[in-house]
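Structural overview
Here are the chains, one letter per residue:
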Amino acid sequence: MPSKYRNFRSSVPWIILFLEVVLIILFYFLFSDDDDASASTNSYPAFQDVNHMVIFGFGFFLTFLKRYGFSSTGFNLLIIVLGVQCSVLIEDLLVLLLQREYKDGLQRITKAAVSMTAVVISTGAVLGKTNPVQLILMAVVEIIAFHMSRSINTTFLQVPDNISMVHVHLFGAYFGLAVSSHFSEPSPRTEKNASTPKSDLLSMLGTLFLWVFWPSFNSVLLVEEKTKAIYNTYFALAVSAVTAFVLSLLTAKDGKFRMTDIHSAVLAGGVTVGHAAHIIEYPWIAMILGLLASGIAILGSYCLQRCLHPALKIHDTSGIHFTFGLPGVLGALAQVVLLVL
C-alpha cells in the first residue's frame, strides 16, 4: 500500500494480531487431537502436495497483473495461513455440535488446506480491487459458508465427505463472482489490468505447479480407489492440455499459440474429473471429459467476457468463471450421469 495510507498502516497490523490472538484462544478450548496419530488416513507427502499447490501454485497463478505481483503472492499466503486455522476450528466446532467422530490432526489440516482452495479461487475474481482487510474478511466469511454448505450436504443429502469437499471449485468460482459484482471495474487508464511478459511467465509457472500436483489434490481425501483417481485425473489433464494448444491455434487470428488461453484451459480437465475421478472405470471417459472441459474453458472465455459479464456488470480479473466455474459445472453433471448409469 502507498505510504499515504497512514491509518491503514497503523490499524491493519493490530487487526491481524487481534484475529490471531482470538484463534489461539479458541484453539486452546476447542482443539483436541487423537491419541492414535499413526492411524491417519492421510500421509504427510499427500498433505505436502496440497500445500505446495495452494501456496506456490495459486500464489504464482495470480501474478499476471504487473502492479500486483507481490500483492498476489503475499496476500495469498496471508489469507491461507489465517484461513487454515479458521477452517480447522470451524470443522472442530461442527464435529462438537453434530456429535461426530474426531479426525486425526493431519487429516484435519489437510481438509483445511483443501477448503482454502475455494478462497484463493475467489481471490482471483477480486484481485487488484481489494485490500488485505477486505480479503481476510472475505476469507473468513467464505470458509464459514463453505463449511455450512458441506455440513448440509453430508447431513441432510447424505453426500460422502470426500465428494462434498471437491465442490471447492464451484463454490469458490461463484462466491468470487458474487463478491466481484460489488466492486467496480478498474479504469483502463490506470493500467491495473495490464500485464508484462515477466508477470505472464510467473503466472504460467503457477499453472505448471497446479498441473503437476492436481492428481494429488483429487485423491488426497480418498481412502479407497486412490490410484484410480490419480490416473484418471492425469489423463484428463493431459487431454485438456493438448486440446488447449489445438483450440488456441485454431481460434487465433495471427495463427500463433496464445498463452492466455492455455493458461486458463490446461487445468480444466483436472477440475472436471475431480467430482468423479474415483468412480470412472475407463480412462477414455476421463479423456473425453478433459477434452470437453478444455473446449468449454477456451470457447466460454469469449462468450462470457463479451456477452455475459458486461451484462451482469461482473469484472472477473483472472477468468475464474471459465477456468474453474464452468468446468466444475460440467464435472458435477458428469458425476450425476455416471452415478445414474
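The structure displayed is predicted, hence computed values, not measured ones.

This paragraph deals with the environment of G57. For G57, the position within the fold is in helix α2 (residues 44-61). Separated by 153 residues in sequence, G57 and L210 place their C-alpha atoms 5.0 Å apart. The contacts of G57, once residues within four sequence positions are left out, are H52, G206, F209 and L210.

A separate point is the environment of T155. By the element assignment, T155 lies in helix α5 (residues 132-155). Given a relative accessible area of 30%, T155 falls into the partly exposed group. Spatially, the C-alpha atom of T155 lies 9.1 Å from that of L98, the residues being 57 residues apart in sequence. Once residues within four sequence positions are removed from consideration, T155 is found in contact with L98 and R100. For T155, the side chain forms a polar contact with the main-chain oxygen of S151, separated by 2.8 Å.

Let us look at the pattern of salt bridges. This model, assessed by the stated rule, comprises 5 salt bridges. K228 is paired through a salt bridge with E281; the nearest N and O atoms lie 3.3 Å apart. Here the residue K228 occupies a position in helix α9 (residues 226-251), and E281 occupies one in the loop between α11 (268-273) and α12 (283-312), the gap between them amounting to 53 residues.

Further remarks concern the packing of aromatic side chains. Inspection of the entire model under this criterion finds 14 aromatic pairs. Aromatic side chains F171 and F175 sit 5.8 Å apart centroid to centroid with 15 degrees between the ring planes, which places their arrangement in the stacked category. Separated by 4 residues within a single helix, F171 and F175 lie in helix α7 (residues 168-180), roughly one turn from each other. When the centroid spacing of 6.4 Å and the interplanar angle of 15 degrees are considered together, the rings of Y282 and W284 count as stacked. Taken together, the ring pairs connect F58, F61, W214, F217 and F324 into an aromatic cluster.

The rules behind each value
- Each chain carries its own residue numbering, running from 1 in the direction its sequence is written.
- Two thresholds apply to this predicted model, a pLDDT of at least 70 for residue-level local features and 80 or more for giving and counting side-chain atom pairs, whereas whole-chain, interface and lining totals are computed over all residues.
- To obtain the side-chain values, all non-hydrogen atoms of the structure were included, while hydrogens and water were left out.
- Runs of H or I in DSSP of at least four residues are treated as helices and runs of E of at least two as strands, each being numbered from the N terminus.
- Whether two residues touch is decided by their heavy atoms; if any such pair falls within 4.5 Å, the residues are in contact.
- Type-normalised accessible area, obtained with a 1.4 Å probe on protein chains alone, sets the label of each residue: buried when under 20%, exposed when over 50%, and partly exposed for intermediate values.
- N or O atoms closer than or at 3.5 Å make up a polar contact, with two conditions inside protein: a donor-capable atom paired with an acceptor-capable one, and, for residues adjacent in sequence, both atoms drawn from side chains.
- Salt bridge criterion: a side-chain nitrogen from Lys or Arg within 4 Å of a carboxyl oxygen from Asp or Glu.
- When two rings of Phe, Tyr or Trp (its six-membered ring) have centres within 6.5 Å they constitute a pair, described as stacked for plane angles under 30 degrees, edge-to-face for angles over 60, and tilted for the intermediate range.

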